[in-house]
Amino acid sequence: MLNYSPTNLEAHDRLKAKFRGLLDAMRCRDDVVDRNSYLGGRLGISGVAHQNGTARFGDDPTVSVLDLDCRLHDVDNVYVVDSSFFVSSTAVNPR
């Protein structure tokens, strides 16, 4: 079971305010952005369906679980071959 607890809400509120300010500066009207408007909501549990960045890679085993070849630092024959070492995903589902 996956539980979701919103975090970083202060930064989220600042981002929303900045976005609304940009829309105001562009003189967007409700009838212009009606179908493409930002509703100010947060993603629910379905928004975390495609996790990326859950396994950091790098040269230093004290701050990363994988080496630069996506092999576990502590186990020579285990590689991570999913999207968990990606820092982000594109607009399509990770493979």
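Details of the structure are given in the entry above.
What you are looking at is a predicted structure, and each value in this text was computed from that prediction instead of being measured.

**Q** What is the right way to read the side chain of Ser-64 from this model?
**A** Residue placement: Ser-64 occurs in the segment after α2 (30-33). For Ser-64, a relative accessible area of 6% corresponds to the buried category. Polar side-chain contacts of Ser-64 include one of 2.7 Å to the backbone oxygen of Asp-60. Filtering out sequence-adjacent residues up to four positions away, Ser-64 remains in contact with Arg-56, Phe-57, Gly-58, Asp-59 and His-73.

**Q** Honestly, the packing of aromatic side chains in this entry has me stumped. Any pointers?
**A** The description of an aromatic ring pair rests on the distance of the ring centres and on the angle between the ring planes. All told, the structure shown has two aromatic pairs when counted by the stated rule. Where Phe-57 meets Phe-85, the ring centres are 5.7 Å apart and the plane angle is 85°; that geometry is what we call edge-to-face. Note that Phe-57 is positioned in the segment after α2 and Phe-85 in the segment after α2, a separation of 28 residues in sequence. Judged by its relative accessible area of 35%, Phe-57 is partly exposed. Note on Phe-85 and Phe-86: the rings are 4.7 Å apart at their centroids and 65° apart in plane angle, and the pair reads as edge-to-face.

**Q** Help me understand the environment of Gln-51, please; the structure alone is not making it clear to me.
**A** Looking at where Gln-51 falls in the secondary structure, it is placed in the segment after α2. The exposure class assigned to Gln-51 is partly exposed, which follows from its relative accessible area of 42%.

**Q** Help me understand the pattern of salt bridges in this model?
**A** Close approach of charged atoms allows side chains with opposite charge to pair. Tallied over the full model, the rule gives three salt bridges. A salt bridge links Glu-10 to Arg-14, with the nearest nitrogen and oxygen atoms 3.2 Å apart. Linking Glu-10 with Arg-14, this pair stays in helix α1 (residues 9-25), spanning four residues, or about one helical turn. The partner of Asp-67 in a salt bridge is Arg-71, and the shortest N-O contact between them spans 3.2 Å. On the accessibility criterion, Arg-71 (24% relative accessible area) is partly exposed.

Criteria and thresholds
- Every chain's residues receive numbers from 1 upward, in the order its sequence appears when written.
- Local features in this predicted model are restricted to residues of pLDDT 70 or higher, and side-chain atom pairs are both shown and tallied only at a pLDDT of 80 or more, whereas totals for entire chains, interfaces and linings draw on every residue.
- Side-chain measures were taken over the full set of non-hydrogen atoms in the model, leaving aside hydrogen atoms and water.
- Per the convention used, a helix needs a DSSP run of H or I reaching at least four residues, while a strand needs a run of E reaching at least two, with both numbered from the N terminus.
- Buried, partly exposed and exposed residues are distinguished by accessible area as a fraction of the type maximum, computed with a 1.4 Å probe on protein chains only: under 20%, between the cut-offs, and over 50%, respectively.
- Residues adjacent in sequence count toward polar contacts only when both atoms are side-chain atoms; beyond that, a polar contact is any pair of N or O atoms within 3.5 Å, and within protein one must be able to donate a hydrogen and the other to accept it.
- The contact rule is simple, with two residues in contact once any of their heavy atoms fall within 4.5 Å.
- The pairing test for Phe, Tyr and Trp rings, Trp by its six-membered ring, is centres within 6.5 Å, and the orientation test on the planes gives stacked under 30 degrees, edge-to-face over 60, and tilted for anything in between.
- Salt bridges are defined as contacts in which a side-chain nitrogen from Lys or Arg sits within 4 Å of a carboxyl oxygen from Asp or Glu.

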